[in-house]
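# Working through the structure, step by step
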Amino acid sequence: MDNAAERLDIIRTRIERARRRFGPPPETVTLVAVSKTFPAAAIVPFLEAGQRVFGENRVQEAEAKWPGLRTSYDGIELHLIGPLQSNKAREAVALFDVIETVDRDKIAGALKAEMVRQGRTPRLLVQVNIGLEPQKAGIAPAEAVAFVARCRDVHGLTIDGLMAIPPDGVPPGPYFAQLAILAREAGVALLSMGMSGDFETAIAMGATHVRVGSALFGHRG
Ligand SMILES: *Cc1c(COP(=O)(O)O)cnc(C)c1O
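Below is a short write-up of the structure. (Residues numbered from 1 in each chain as written. Predicted model: local features only at pLDDT ≥ 70, side-chain atom pairs only at ≥ 80, totals over all residues. Heavy atoms only, no water.)

### Section: the packing of helix α2 (residues 40-48) against helix α3 (residues 59-72)
- Packing of α2 against α3 brings their axes to within 11 Å, and their N-to-C directions diverge by 40 degrees. The orientation of α2 with respect to α3, classified from their angle, is oblique. The way α2 lies across α3 gives a crossing that is right-handed. The segment α2 lies against α3, with A40, I43, V44 and L47 engaging K65, W66 and L69.
- Grouping the amino acids of the contact of α2 with α3 by side-chain chemistry returns six nonpolar, no polar and one charged. (Axes fitted to C-alpha atoms, helices over the stretch in contact; angles between N-to-C directions. Helix = DSSP H or I, 4+ residues; strand = E, 2+ residues; numbered from the N terminus. Parallel < 35°, antiparallel > 145°, perpendicular 65-115°, else oblique. Left-handed = near helix turned anticlockwise from the far one by under 90°. Contact = heavy atoms within 4.5 Å. Nonpolar A, V, L, I, M, F, W, Y, C, P; charged D, E, K, R; others polar.)

Written out as structure tokens, the structure is:
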């Protein structure tokens, strides 16, 4: 990692330029720095440069890295962006501030039980399998609005937004646009979409959160 501050500055500038060019809305775009696979030592320069919002895709890996980093840096906001098993709900609620991958009733119920038990209320997003890809997690687009309502009415959860990962190898714009429409229909404000290769397109379509990994940390081994 040569210069974390410089990379952060470049990405933040691109985010702000896209936001001004295409928006507002959104009024602000939050950069979620995706630190998965990188050790704590590689994350420290980004914390030193002022970044506070990070994304991890595995509960166990995050548990190994973040409690230690949190003892040294205030104000960290940690997002779970990878699939969640219901037997990991306890650890996920204890560790994460935002869980972006709620995608089925079993998880919603397990999260609610843990939130009550621990007295913690991480913000929740529903993951939508926007390209209906069998290998990807997420609720089907046609079921997303009803699932958000069920999270609220059946499980007693507040859902703040939607998250999606569009298919590889095709233009992502239409998928981002569809996610934005679903969020409007579901009555939720946050839209987590866009990664290193396409975050400006996502911002054009209304992303409030972009999840950027390799453009900040370099390629994952
Ligand atoms: C790894 C990952 C990212 C970051 O991808 P990059 O292309 O490295 O920016 C974003 N979102 C999710 C869900 C991921 O798993």
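### Remarks on helix α6 (residues 141-153)
- Between its first and last C-alpha atoms α6 spans 19 Å; for 13 residues at 1.5 Å apiece the expected length is 18 Å, and the two agree.
- Residues P141, A144, F147, V148 and C151 constitute the buried set of α6.
- On its buried face, α6 is in contact with β4 (98-102), α5 (105-118), β5 (123-128), β6 (159-164) and α7 (173-186). (Expected span 1.5 Å × (residues − 1). Buried < 20%, exposed > 50% of the residue type's maximum accessible area, 1.4 Å probe, protein only.)

### Description of the nonpolar core
- Judged by nonpolar contacts, the single largest core of 65 residues is most densely connected at W66, I99, V102 and L111.
- Counting residues per element, this core draws most heavily on α7, which supplies six residues.
- One finds I81, V98, M163 and L190 within the second-largest nonpolar core, a separate group that totals six residues. (Core = buried A, V, L, I, M, F, W, Y, C linked by side-chain atoms within 4.5 Å.)

### A short note on the site of the ligand
- Every residue near the ligand is listed here: V34, K36, I81, M163, I165, M195, S196, R211, V212, G213, S214 and R220.
- In the model, an oxygen atom of the ligand is placed 2.7 Å from a nitrogen or oxygen of the K36 side chain.
- Within the backbone of G213, one N or O atom sits 2.8 Å away from an oxygen atom of the ligand.
- Within the complex, 89% of the 390 Å² of free accessible area of the ligand lies under protein. (Near = heavy atom within 4 Å. Polar contact = N/O pair within 3.5 Å; in protein donor to acceptor, adjacent residues only side chain to side chain. Areas by Shrake-Rupley, 256 points an atom, 1.4 Å probe, with all protein chains shown as cover.)

### Topic: unusual backbone geometry
- Geometrically, the link from G23 to P24 is a cis peptide bond, its omega value of -15 degrees lying close to zero.
- Tracing the backbone through its elements, the reader meets P24 in the loop between α1 (4-22) and β1 (30-34).
- Omega for the peptide link from P24 to P25 comes to 5 degrees, which places this bond in the cis form.
- Along the polypeptide, P25 turns up in the loop between α1 and β1.
- In this model, T37 sits at a positive phi of 75 degrees, which is unusual for a non-glycine residue.
- As for its position among the elements, T37 is in the loop between β1 and α2.
- Judged by relative accessible area, T37 falls into the partly exposed class, the value being 49%.
- If you check the backbone angles, L132 has positive phi at about 45 degrees while not being a glycine.
- With respect to the helices and strands, L132 occurs in the loop between β5 and α6.
- Residue L132 is classed as exposed on the basis of its relative accessible area of 61%.

### Quick word on the packing of α6 against α7
- Following both chains from N to C, one finds α6 and α7 inclined at 30 degrees, their axes separated by 9 Å at the closest point. One element, α6, and the other, α7, form an angle in the roughly parallel class. α6 and α7 meet at a crossing whose hand is right-handed. Residues P141, A144, V145 and V148 of α6 pack against Q178, L182, E185 and A186 of α7.

### Here we look at the environment of T158
- Mapped onto the elements, T158 comes out in the loop between α6 and β6.
- Taking the relative accessible area as the measure of exposure, T158 reaches 57% and is therefore exposed.

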